[in-house]
Amino acid sequence: MSTTSRDWKLLTFILFMFIRTHADLPGSWELLVPDAGIASMHTAVTHTNTVILLDRTNIGPSRKLLPPHRCRHDPNDPVLKVDCYAHSALLDLTTNSIRPLMILTDTWCSSGQFLPDGTLLSTGGDLDGFTKIRKFTPCTESTPNSASSLCDWQELEDIQLSQGRWYATNQILPDGSIIIIGGRASPSVEFYPPRKTGAVNFPFLNEVEDNQMDNLYPYVHLLPNGHLFIFANNKAVMYDYNSHSIVKNYPVLEGGPRSYPSAGSSAMLALAGDYSSATVVVCGGAKYGAYLHRTTDSPANGSCGRIEATGPDPVWEMEDMPFARIMGDMVVLPTGDVVIINGAQAGTQGFELASNPCLNPVLYRPDQPVGLRFMTLNPGVVPRMYHSTANLLPDGRILIAGSNPHYFYNFKRAFPTELRIESFSPEYLSADKANLRPVFVELPEKVAYGAAFDAVVTVELPVVGVVEVNMASAPFATHSFSQGQRLVKLSVTSAIPEGPGRYRIGCVAPPDGRVAPPGYYMVFAVNQGVPSIAQWVHLAS
Ligand SMILES: *[C@@H]1O[C@H](CO)[C@@H](O)[C@H](O)[C@H]1NC(C)=O
């Protein structure tokens with residue numbers, strides 16, 4: 001045995017013992033950035049492997065200064081008329097460094113979505129940001145000494161939203177345009193680029209509103225039949241956004257209100273096979289009245305409802321999570337399993353309104369029978385309360401940012417403003433699974449709808465049968481919902497051996513924009529539940 005191989009085995013053994021004694025539950029935590037300078041309330045991963053962190057502007061000083069000589073002059077800012085602090089920043093995943101970004105108008109409780117060219121569209125917010133549209137076109141960070149040419153926010157001057165939108169949800173559509181849905185006192189939808197119709201009334205949002213709102217940040221999923229599944233409070237509809245009509249009313253989901261401020265979460269499960277079926281899961285939420293009466297210790301609900309949204313006669317199938325949870329984030333992994341992470345076990349969304357952090361993530365395995373789907377994972381140590389986020393990274397980890405349940409930055413109160421950024425690594429990244437991990441050696445950078453293409457991977461241990469090739473969108477995560485989150489499993493051939501440890505996989509790109517809207521996707525090869533590092537692939541017509 002060679003020295004390096006022996007050293008490697010010893011190191012692996014020590015690591016294994018360390019993990020054994022320190023973490024009996026699956027998954028591991030890592031502190032990525034000890035002080036990001038801002039608390040990210042909205043987070044999105046770009047196709048240049050950076051992460052856009054976005055807070056709000058009217059909170060006074062953050063802990064990160066803008067570059068020298070750059071300040072925001074705003075006579076209407078309630079706290080700082082001249083503000084030289086960053087309220088948005090860019091995390092470079094290759095170096096874990098943070099670069100301040102310049103955001104001018106208030107993005108508090110705004111919405112967002114990536115456009116087909118990889119530009120992030122940010123819409124609405126509070127005060128001067130209420131009708132604002134902004135763009136961030138990602139660049140490659142590794143161009144030193146060119147600070148002036150580095151990418152930053154651009155605030156559109158020529159167009160704005162038809163209605164102010166605070167707590168709206170965005171979803172990219174099959175043609176690459178964006179629908180912007182709802183918001184406080186805005187029961188309507190509109191589009192970017194703007195359509196002639198302007199804002200179109202959407203009475204469903206009014207009908208489900210109760211005396212503590214519960215219709216904000218609706219859960220929106222683009223179904224593969226081209227319609228939208230829209231859930232607010234405890235009700236859902238299938239919505240035709242072209243004719244602005246309700247195609248179907250779903251049954252009520254029992255267990256209390258789920259959407260903002262009642263703090264549940266939702267994800268659409270992976271689309272696969274002939275893409276004719278889509279299933280949506282809604283998990284957790286606050287007890288009705290917790291927001292109305294500001295009862296911080298009111299126990300959260302721990303139930304999940306699951307519904308085949310495209311089925312002929314859909315019903316909610318109910319199941320309990322191991323923990324009751326509010327403000328959990330549901331992150332669809334490259335495998336199709338879902339991690340539910342962050343949040344608390346009592347109270348509701350809003351400033352100073354929750355208690356009892358839920359430090360244990362749980363894994364939801366959709367293919368298991370009811371009763372066997374949940375697995376409790378290794379707990380973190382940092383409470384991630386109101387205004388925290390979770391995003392899948394191209395290497396399969398989950399990025400955890402934010403938590404600021406206070407109106408301003410406050411490092412003294414319970415659950416202080418959180419500037420640490422962590423990552424959670426699901427068990428599939430553990431060292432003992434490394435020899436199952438595929439590595440891409442060939443993959444196109446761009447694919448067209450319906451196109452056949454090959455992926456070539458290497459794997460250390462022999463592969464028999466199928467290596468999945470799965471495409472994950474990069475969503476806009478905020479307020480415990482990931483706008484535009486989507487996993488599409490491609491139709492693939494069995495892995496064909498091509499020399500030692502090398503396999504060719506025949507793949508077919510999604511048939512159309514209803515299955516996968518145009519844009520950049522993280523493409524993962526998945527072997528026996530172990531994902532590769534993703535490569536970004538541009539899906540276009
Ligand atoms: C959720 O709420 C419903 C209705 O109040 C209740 O019947 C159910 O037991 C709750 N489930 C959990 C797990 O909290």
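Residues numbered from 1 in each chain as written. Predicted model: local features only at pLDDT ≥ 70, side-chain atom pairs only at ≥ 80, totals over all residues. Heavy atoms only, no water.

With respect to the overall build of the protein chain
Of regular secondary structure, the protein chain possesses two helices and 45 strands. Its C-alpha atoms give the protein chain a radius of gyration of 22 Å, near enough to 24 Å, the size a compact globule of 541 residues would have. For the protein chain, the residues scored as buried account for 60% of the 541 residues in total. The contacts of the protein chain with a sequence gap of at least 6 include a subset with a gap of at least 24, amounting to 62%. Taken as two groups, the 39 positive and 49 negative side-chain charges of the protein chain have centres that lie 2 Å from each other. (Helix = DSSP H or I, 4+ residues; strand = E, 2+ residues; numbered from the N terminus. Rg over C-alpha atoms; globule rule 2.2 N^0.38 Å. Buried < 20%, exposed > 50% of the residue type's maximum accessible area, 1.4 Å probe, protein only. Contact = heavy atoms within 4.5 Å. Lys, Arg positive; Asp, Glu negative; His and termini not counted. Charge placed at Lys NZ, Arg CZ, Asp CG, Glu CD.)

With respect to unusual backbone geometry
Note that the residue after Tyr192, namely Pro193, is joined by a cis bond; omega there is -10°. Looking at the element boundaries, Pro193 is found in the loop between β14 (188-192) and β15 (200-201). A cis amide bond links Tyr260 with the next residue in sequence, Pro261, at an omega value of 5°. By the element assignment, Pro261 lies in the loop between β19 (245-249) and β20 (265-268). Phi is positive for Asn96, close to 60°, though the residue is something other than glycine. As for its position among the elements, Asn96 is in the loop between β6 (88-92) and β7 (97-101). By relative accessible area, Asn96 is classed as partly exposed at 27%. The backbone of Asn233 shows a phi angle near 65°, a positive value even though the residue is not glycine.

Here's the deal with the pattern of salt bridges
Counted by the stated rule, this structure contains 21 salt bridges. For Arg70, the salt bridge identified is with Asp152, shortest N-O distance 3.6 Å. Note that Arg70 is positioned in the loop between β3 (50-54) and β4 (72-73) and Asp152 in the loop between β10 (133-136) and β11 (153-155), a separation of 82 residues in sequence. You can call Arg70 partly exposed: its relative accessible area is 38%. The salt bridge involving Asp512 is made with Arg514; its shortest N-O contact spans 3.4 Å. Asp512 sits in the partly exposed class, given a relative accessible area of 22%. For Arg514, a relative accessible area of 37% puts it in the partly exposed group. (Salt bridge = Lys/Arg side-chain N within 4 Å of Asp/Glu carboxyl O.)

A few points about the site of the ligand
Around the ligand lies a shell formed by Gly255, Asn301, Gly302, Ser303 and Asp320. Backbone polar atom of Gly302 to an oxygen atom of the ligand: 3.1 Å apart, as the coordinates give it. Protein burial of the ligand: of its 360 Å² of free accessible surface, 41% is covered by the chains. For the shell around the ligand, the element with the highest residue contribution is strand β22 (residues 301-308), accounting for three residues. Class assignment of the residues belonging to the shell around the ligand gives a composition of no nonpolar, four polar and one charged. (Near = heavy atom within 4 Å. Polar contact = N/O pair within 3.5 Å; in protein donor to acceptor, adjacent residues only side chain to side chain. Areas by Shrake-Rupley, 256 points an atom, 1.4 Å probe, with all protein chains shown as cover. Nonpolar A, V, L, I, M, F, W, Y, C, P; charged D, E, K, R; others polar.)

A few points about a nonpolar patch on the surface
A contiguous nonpolar patch, built from Val79, Tyr407 and Phe408 and spanning about 250 Å² of accessible area, is present on the exposed surface. Among the secondary structure elements, Val79 is positioned in the loop between β4 and β5 (82-83). By relative accessible area, Val79 is classed as partly exposed at 36%. (Patch = residues over 30% accessible without salt bridge, like charges linked within 9 Å, V, L, I, M, F, W, Y side chains within 5 Å.)

Points about the pairing of strand β35 (residues 452-458)
On a regular strand, one side chain projects to one face of the sheet and the next to the other, so that they alternate. Relative to β35, strand β33 (residues 439-442) runs antiparallel, the two sharing three bridges. By the bridge assignment for β35, Phe440 is matched with Val457. Where β35 meets strand β42 (residues 502-508), seven bridges bridge the pair, whose relative direction is antiparallel. From the neighbouring strand, Thr458 faces β42, where its bridge partner is Arg502. (Pairing = 2+ DSSP bridges.)

A short note on the nonpolar core
By size, the foremost hydrophobic cluster in this structure holds 67 residues, and its most contacted members are Leu53, Leu91 and Ile421. When residues of this core are assigned to domains, at least three map to each of domain 1 (36-163) and domain 2 (433-540). Residues contacting Leu53, with those up to four places away along its chain left out, are Ala36, Ile38, Ser40, His42, Thr43, Ser88, Ala89, Leu91, Ile98 and Ile421. The next biggest cluster of nonpolar side chains, apart from the first, holds 44 residues, and it includes Tyr219, Val280, Ile505 and Tyr521. (Core = buried A, V, L, I, M, F, W, Y, C linked by side-chain atoms within 4.5 Å. Domains from an automatic or database assignment.)

Digging into the environment of Ala36
Mapped onto the fold, Ala36 is located in the loop between β1 (28-33) and β2 (42-45). Here Ala36 falls in the buried class, since its relative accessible area comes to 0%. Considering only alpha carbons, one finds Ala36 and Ile421, 385 residues apart in sequence, at a separation of 6.8 Å. In this structure, Ala36 is in contact with Leu53, Lys64, Ile98, Leu419 and Ile421, ignoring residues within four places of it in sequence.

Some remarks on the state of the cysteines
Following the criterion strictly, the structure yields three disulfides and no others. Note that Cys139 is cross-linked by a disulfide to Cys151, the S-S spacing being 2.1 Å. Taking the sign of the S-S torsion, -70° for the link of Cys139 and Cys151, the bridge is left-handed. Of the two residues, Cys139 is situated in the loop between β10 and β11 and Cys151 in the loop between β10 and β11; the sequence distance between them amounts to 12 residues. Note on accessibility: Cys139 and Cys151 belong to one class, buried. Residue pairing for Cys283: its cysteine sulfur links by disulfide to Cys304, the two sulfurs lying 2.1 Å apart. Handedness here is read from the sign of the S-S torsion; for Cys283 and Cys304, about 115°, the answer is right-handed. Taken together, the positions of Cys283 in strand β21 (residues 279-285) and Cys304 in strand β22 put the pair 21 residues apart, joining distant regions of the chain. (Disulfide = S-S within 2.5 Å.)

Fair warning: the whole summary comes from geometry, so function is off the table for now.
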